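Residue strings, one per chain:
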Amino acid sequence: LLRDVAYQMQFRGHLVELHRLAAQAIQALYEKDLASHYPDLVYHYRQTNNNNLERHYAQLAGKQAADKFAMAEALEYYNRALELSTDPETQYPLLLSIEDVIHLQGDREQQENILNRLETIIVDNPDRVDWKAEVLFRQSRYQEITGNPGQAVEIAKQVVEVSTNYPEILANAY
């Protein structure tokens, strides 16, 4: 039994190394057209337990899938990248991307859940006025779509209020 366990551990270590080499080979061979290989890189880096590179390529694969309107696939990649994210700086853009996809799908319950998660992040990061303005803008859009135009207008006013010293944010709100 001990020999079998030792063999399995050695075999697993060898497989991890093969996946690492496969990912590096893909990056080297397809350097100029890496985008079509993002899913492969996600797979190989997942097998190597390289969370940073898996997250990076999962986010890129999610964007690529969303751009092709492969929404279920986009959510799968974005959610995997989110699982691997530990700080607000990486979670925030991923949650925005997830909210974009869910908004297009029309799943309002899920959209509300994501907006609530974004709200938590901006409460925990009060110095990120740009984040707050973006989340408020999305909340206003959500209220409008769900049949609450009065609430949408009130939240839009908050976007303007928050953004008065940030013309680039205010321009995006329009």
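Source: prediction; values computed, not measured.

### Overview of the overall build of the protein chain
A count of helices and strands for the protein chain gives nine helices and zero strands. Taking 16 Å as the expected radius of gyration for a compact globule of 174 residues, we find that the protein chain reaches 20 Å, considerably beyond that expectation. Reported as C-alpha extents along the three principal axes, the dimensions of the protein chain are approximately 70 × 40 × 30 Å. Taken over 174 residues, the protein chain has a buried fraction of 37%. Across the protein chain, every contact between residues at least 6 apart in sequence was considered, and the portion connecting residues at least 24 apart equals 44%. Of the roughly 10,700 Å² that the protein chain leaves accessible, carbon and sulfur atoms contribute 52%.

### Considerations on the packing of aromatic side chains
On inspection of all chains with the given rule, the structure shows three aromatic pairs. Pairing Tyr 92 with Trp 131 gives two aromatic rings, centres 4.2 Å apart and planes at 10 degrees, and the pair type is stacked. Here the residue Tyr 92 occupies a position in helix α5 (residues 88-105), and Trp 131 occupies one in helix α7 (residues 129-145), the gap between them amounting to 39 residues. The exposure class assigned to Tyr 92 is buried, which follows from its relative accessible area of 6%. Residue class for Trp 131 comes out buried when judged on its relative accessible area of 4%. A connected cluster of aromatic rings, assembled from ring pairs, spans Tyr 38, Tyr 45 and Tyr 57.

Rules used in this analysis
Residues numbered from 1 in each chain as written. Predicted model: local features only at pLDDT ≥ 70, side-chain atom pairs only at ≥ 80, totals over all residues. Heavy atoms only, no water. Helix = DSSP H or I, 4+ residues; strand = E, 2+ residues; numbered from the N terminus. Rg over C-alpha atoms; globule rule 2.2 N^0.38 Å. Buried < 20%, exposed > 50% of the residue type's maximum accessible area, 1.4 Å probe, protein only. Contact = heavy atoms within 4.5 Å. Areas by Shrake-Rupley, 256 points an atom, 1.4 Å probe, with all protein chains shown as cover. Phe/Tyr/Trp six-rings, centres within 6.5 Å; stacked < 30°, edge-to-face > 60°.

Purely geometric numbers; function is a separate question.
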